Amino acid sequence: MSTALQSKKRETAPQSALRQLRHEGKVPSVVYGFKTESTSITVEERDLIKTIQEHGRNGAFKLDVDGKKVDVILSDFQADVLTGKVEHADFLAINMSEELEVDVTIHLSGESVGEKAGGVVQQPLWEVKVKAKPSEIPEHIDVDVSKLDIGEAIQISDLRAGSKYEILNEDEETVVLISAPRTAEELEALDEGTTSETADPEVVNEKDEDQE
């Protein structure tokens, strides 16, 4: 059985103090939600990363706040774009028996028949809104595209069967499609359009020097 993620309460602090906490390997955080007053806390970054690896990005786990264990999910987090270090985290306290609405990432798997024939894989939808009990929220949704030929697509309606969660997106939304490769003429026309857009604009109503 996994242990609870340990946290410590903290006082509101200036940015310099928050930077010092991060330098010490701690993540300034907030916990709020079900039967939980909004509380500023810190957690060890290494423990937070280990917890995410163990339970997944959408998984529920226990957070120990001064000895009180609270069921939470990681509602949001911010990471440094250069170093990848977690700079802030929001924990949402939840009721394990009530459904939640969360965004779940879509992962494509397999190489489609259409792609092998020269088609282009297009993915208009990268995540979906899911409603489920915390224990039934998937880490991600795998979509197998191996049978898709050129001109074929997978829509939200194709993902509903057999799942323990409810997808809140509309049935007709396209998740992935295989489009035909562009012809040489289409590529040439696209290139000409790009060239014309970058050309110097025509000056309108410019006065002739002799008229000044």
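The sections below set out a description of the structure shown in this document. (Residues numbered from 1 in each chain as written. Predicted model: local features only at pLDDT ≥ 70, side-chain atom pairs only at ≥ 80, totals over all residues. Heavy atoms only, no water.)

Turning to the sheet that holds strand E5 (residues 68–79), a few remarks are in order. Read around the closed barrel, the six strands follow the order E1-E3-E2-E6-E5-E4; overall the barrel is mixed. Averaged over all pairs of adjacent strands, the angle between strand axes in this sheet comes to 45 degrees, irrespective of strand direction. Pairing analysis gives five bridges linking strand E2 (residues 26–33) to strand E6 (residues 86–93), with the strands arranged parallel. Considered in E6, the bridge of Tyr 32 is made with Leu 92. (Pairing = 2+ DSSP bridges. Helix = DSSP H or I, 4+ residues; strand = E, 2+ residues; numbered from the N terminus. Axes fitted to C-alpha atoms, helices over the stretch in contact; angles between N-to-C directions.)

Bridging between strand E8 (residues 120–122) and strand E13 (residues 174–179) involves three bridges; their strand directions are antiparallel. Residue pairing across strands places Val 120 opposite Ser 179, the latter belonging to E13. By the bridge criterion, three bridges tie strand E11 (residues 153–155) to E13 in an arrangement that is antiparallel. Considered in E13, the bridge of Gln 155 is made with Thr 174.

Note on pairing: side chains with opposite charge can pair once their charged atoms come close. In the structure shown here, the tally under the stated rule is 10 salt bridges. We note a salt bridge from Glu 44 to Lys 26, for which the minimum N-O separation is 3.7 Å. Of this pair, Glu 44 sits in strand E3 (residues 36–44) while Lys 26 sits in strand E2; the two residues are 18 residues apart in sequence, bridging distant segments of the chain. Overall, the relative accessible area of 23% leaves Glu 44 in the partly exposed class. The partly exposed category is assigned to Lys 26, whose relative accessible area is 22%. One network of salt bridges, with partners in common, ties together Glu 24, Lys 26, Glu 44 and Arg 46. (Salt bridge = Lys/Arg side-chain N within 4 Å of Asp/Glu carboxyl O. Buried < 20%, exposed > 50% of the residue type's maximum accessible area, 1.4 Å probe, protein only.)

In this section: the nonpolar core. Judged by nonpolar contacts, the single largest core of 23 residues is most densely connected at Val 128, Val 130, Ile 141, Val 143, Ile 167 and Val 175. For this core, the secondary structure elements donating two or more residues are strand E7 (100–109), strand E9 (127–132), strand E10 (140–144) and E13. Residue contributions to this core peak at four residues, all from E7. When sequence neighbours within four positions are dropped, the list of residues in contact with Val 130 reads Leu 100, Glu 101, Val 102, Val 104, Pro 138, Ile 141, Tyr 165, Glu 166 and Ile 167. Membership of the second largest hydrophobic core comes to 16 residues, among which are Val 31, Leu 48, Phe 61 and Leu 74. (Core = buried A, V, L, I, M, F, W, Y, C linked by side-chain atoms within 4.5 Å. Contact = heavy atoms within 4.5 Å.)

So, about the side chain of Thr 39. In this structure, Thr 39 sits in strand E3. From its side chain, Thr 39 meets the backbone oxygen of Glu 37 in a polar contact 2.8 Å long. (Polar contact = N/O pair within 3.5 Å; in protein donor to acceptor, adjacent residues only side chain to side chain.)

Moving on, we come to the pairing of E2. Taken together, the seven bridges between E2 and E3 define a ladder with antiparallel strand orientation. Within E3, the residue paired with Gly 33 across the bridge is Thr 36. Joining the antiparallel neighbours E2 and E3 is a turn of two residues, in which Lys 35 adopts a positive phi near 50 degrees.

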